[in-house]
Structures are given as C-alpha cells and as structure tokens.
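Next come the chains, spelled out residue by residue.
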Amino acid sequence: QVQVVESGGGLVQAGDSLRLSCVVSGRYTMAWFRQAPGKEREFVAAMIRSGGNSRHADSVKGRFKISRDNRKNMVYLQMNSLKQEDTAVYFCAASNGWSMSTSIGDYDYWGQGTQVTVSS
C-alpha cells in the first residue's frame, strides 16, 4: 500500500511564505495539485524521480518551488509571496509513470490534502 501524506498547511498573510511537506513510501514521479473552493483541481508542480528536473504552473512560476529528498522519501513545496488566490487544499500525488504530467488522471496515489489559507 503506497502512502502519501501531506503536512505544513495553515493560515498565513499575503506575502508570507509556507513550506508544504509530503512523505511517500517509495520513489515515484511526484506532483503537487491544489483545489480552491468551487473550482477544479489544478496542477501546481511536478518533479521526476531523481529530482533532476521539474516543472511549475505558470500561475506559481517564480514563487513556488518543488523539491525532494529521496533519502528521506520527502517531497516539498516551498511557497513564497503567497497571494489570496493561492488559497486552496493542496494535494501531493505520486505517479508510476515517468513524465511530469499535469493531468490528474496520470497520478496513481494521492494524499488527503492540506489546507492553505492566505488572508489579505
């Protein structure tokens, strides 16, 4: 059974930083998605197994950064310059595939999500 567990969400003010963490039992292509109230789940960032390459959604590029520590089976999402529109439940996801897909359906294992709320 693959386990994916996120942590690190919370309530912050606009302009603040926050780091999300995700522990996964194994080595997979990893991604972060988010879902705001009343909206569809959307891609945020992904990283290949080795950590040598990543991609980020245009909406977060330059502010968010995905990283991983394979020795600890951890994946991170560093979020800087947070905006109110970043408010969402953030999900960590693992894929058996090799591409950094932006599609929800390409990810096989999901965490329960962690809430990030950005106030003005």
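In this report, we go over the structure that sits alongside the text. (Residues numbered from 1 in each chain as written. Predicted model: local features only at pLDDT ≥ 70, side-chain atom pairs only at ≥ 80, totals over all residues. Heavy atoms only, no water.)

Ranked by internal contacts, the top residues of the largest apolar core, which has 35 residues, are W32, L77, M79 and Y90. When residues of this core are traced back to their parent elements, those giving at least two are β3 (18-24), β4 (29-35), β5 (42-47), β7 (64-69), β8 (74-79), β9 (88-95) and β11 (114-119). Setting aside chain neighbours within four positions, we find L77 in contact with L18, R19, L20, W32, V44, A45, F64, K65, I66 and Y90. (Core = buried A, V, L, I, M, F, W, Y, C linked by side-chain atoms within 4.5 Å. Buried < 20%, exposed > 50% of the residue type's maximum accessible area, 1.4 Å probe, protein only. Helix = DSSP H or I, 4+ residues; strand = E, 2+ residues; numbered from the N terminus. Contact = heavy atoms within 4.5 Å.)

With antiparallel pairing, the four strands of this open sheet are ordered in space as β1-β3-β8-β7. Edge positions in the sheet fall to β1 (4-7) and β7, since each has one partner strand and no second. Looking at each pair of strands side by side, their axes are set apart by 20° on average, direction ignored. When β1 meets β3, the two strands line up antiparallel, connected through four bridges. Note on β3: the bridge partner recorded for V4 is V24. (Pairing = 2+ DSSP bridges. Axes fitted to C-alpha atoms, helices over the stretch in contact; angles between N-to-C directions.)

A few words on the side chain of D86. Structurally, D86 can be placed in the loop between β8 and β9. A polar contact of 2.8 Å, which involves the side chain of D86, links it to the backbone nitrogen of K83. Setting aside residues up to four positions removed in sequence, D86 forms contacts with R34, R63, F64, S81, V116 and V118. (Polar contact = N/O pair within 3.5 Å; in protein donor to acceptor, adjacent residues only side chain to side chain.)

The subject of this paragraph is the environment of M79. If you trace the backbone, M79 turns up in strand β8. Spatially, the C-alpha atoms of M79 and L18 are 5.2 Å apart, while their sequence positions differ by 61 residues.

For the rest of this paragraph, the subject is the packing of aromatic side chains. Summed over all chains, the structure comprises six aromatic pairs. On the basis of an interplanar angle of 50° and a centroid distance of 5.1 Å, the ring pair of F33 and W110 is categorised as tilted. Taken together, the residues F33 in strand β4 and W110 in strand β10 (residues 109-110) connect sequence positions 77 residues apart. A relative accessible area of 0% means that F33 is categorised as buried. The partly exposed category is assigned to W110, whose relative accessible area is 25%. Their ring planes at 70° and their centres at 6.4 Å tell us that Y107 and W110 sit as a pair that is edge-to-face. Through pairs of rings, three or more aromatic residues link up here, namely F33, F43, F91, Y107 and W110. Over the face of the ring belonging to F91 we find R41, whose NZ or CZ atom lies 3.6 Å from the ring centre. (Phe/Tyr/Trp six-rings, centres within 6.5 Å; stacked < 30°, edge-to-face > 60°. Lys NZ or Arg CZ within 6 Å of the ring centre and 35° of its normal.)

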